[in-house]
Amino acid sequence: MARIGIIGGGAFGTALACVVRRSGHATAVIWAREPEVVAAINRDSANPIFLPGIPLAPGIMATTDLAEAAKDSDFLLLAPPAQHMRAVTSQLRPHLKRGIPVVTCSKGIERETCALMSQVIAETLPGTPVAVLSGPSFAHDIAVDRPAGVTLACADRDLGERLAQAIGTPRFRTYLSDDVTGALIGGVLKNVIAIACGVAIGRKLGESTRATLFARGLAEMARLGVAMGARLETFMGLSGAGDLNLSCNSPKSRNTSLGIALGEGRKLQDILRERVTVQEGVHSAESVAALARRQDVDMPITLAVDQVLNHGADVEEAVARLLAHPYHYDRVTAK
């Protein structure tokens, strides 16, 4: 029975607290920025702002003090928005004991630097063992204990096995991998491609279009990953095709629902203004497009999403540009 710290009091961080309590750990301590979130968790055993309608189990506590969340924890689950990872882990550094592993659960890439979350953590928490948790897992589903499978990626196999055992339950299944880069790339790209699929739904382009975007989006994900040193088979698994399938096929996905709204003709800023949760694909698209150019990888769907989100491109024009893209051999490693 251990004490586990969860850094991030959003929907997924709160759901992970439910998971680790079910996996047998005595205490889950959530760090959240928002005092109202902390108060609701401690007072009402609920997080009505980010995970409404889900009662939290006894043994789940919250704090606004990073030192308290890290204190005596066997490991930490890091679930802040990706664009806040650097600031949060920099603040965490004085409070994290040497050798305590961290598991990043944030599915994004840092703007400006194009750094993956593992790279951000290596800079801000040098020498800290790092693993990645990624896969098809909506926060609501795992909070109420619906069955789900995820990838637990760690370069150190022994540590990965220990973390997989410590986090997993019979209904939250952790499948071990040593492909950290592949797991991270899958989590980033699925958000971007989900926006594209949402646009197709919003424009009423049909299921064939959405399926085409899914398949070609998976090819883009794999091409970029392989160019960055990941293994192709990783993208056929839970943190690749599995997560992409969930996000692209459900309007419950924050990124897909945002794409639907864009496809229906709404303005991005109006959509974001109404939402309290983060749509990671919005923040990641520009950096992924930059990575594609840096790695000389053909990623037309990603570039189209970036143009719409960040460069004022008209949705109809972006769709037309995609349809005019030259044909290639239908394999994921082709340019």
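Just above sits the structure.
A brief structural summary. Bear in mind that the values here come from a model prediction, so they are computed numbers and not experimental data. (Residues numbered from 1 in each chain as written. Predicted model: local features only at pLDDT ≥ 70, side-chain atom pairs only at ≥ 80, totals over all residues. Heavy atoms only, no water.)

**What about the pairing of strand β8 (residues 172-177)?**
- Where strand β7 (residues 148-154) and β8 come together, six bridges link them in parallel fashion. When the bridges of β8 are listed, leucine 152 appears paired with leucine 176.
- Where the polypeptide runs from β7 across helix α7 (residues 157-167) and back to β8, its parallel neighbour, the crossover connection is right-handed. (Pairing = 2+ DSSP bridges. Helix = DSSP H or I, 4+ residues; strand = E, 2+ residues; numbered from the N terminus. Right-handed = clockwise from strand over helix to strand, strands pointing away.)

**A word on the packing of helix α8 (residues 180-202) against helix α10 (residues 238-249)**
- For the pair α8 and α10, the least separation of the axes is 9 Å and the interaxial angle reads 25 degrees. By the angle between their axes, α8 is roughly parallel relative to α10. In the crossing of α8 with α10, the sense of the turn from one axis to the other is right-handed. Where α8 approaches α10, its residues Ala183, Gly186, Gly187, Lys190, Ile193, Ala194 and Cys197 are matched on the opposing element by Ser239, Asp243, Leu244, Ser247 and Cys248.
- Grouping the constituent residues of the contact of α8 with α10 by class yields six nonpolar, four polar and two charged. (Axes fitted to C-alpha atoms, helices over the stretch in contact; angles between N-to-C directions. Parallel < 35°, antiparallel > 145°, perpendicular 65-115°, else oblique. Left-handed = near helix turned anticlockwise from the far one by under 90°. Contact = heavy atoms within 4.5 Å. Nonpolar A, V, L, I, M, F, W, Y, C, P; charged D, E, K, R; others polar.)

**What to know about the sheet that holds strand β4 (residues 76-78)**
- One open sheet accounts for eight strands, arranged β3-β2-β1-β4-β5-β6-β7-β8; its pairing is mixed. Looking at strand neighbours, the two that pair on one side only are β3 (60-63) and β8, the edges of this open sheet. Within this sheet the neighbouring strands show an average axis-to-axis angle of 25 degrees, counted without direction.
- Against the sheet, α8 touches β5 (102-104), β6 (130-134) and β7, its axis set at about 40 degrees to β6.

**Points about helix α11 (residues 254-263)**
- The buried fraction of α11 amounts to nine of the ten residues, a majority that puts the element mostly inside the structure.
- For α11, the elements touching its buried residues are α8, α10, α12 (268-273), α13 (280-295), α14 (300-310) and α15 (315-323).
- Looking at the residues trailing α11, positive phi occurs at glycine 265, about 105 degrees. (Buried < 20%, exposed > 50% of the residue type's maximum accessible area, 1.4 Å probe, protein only.)

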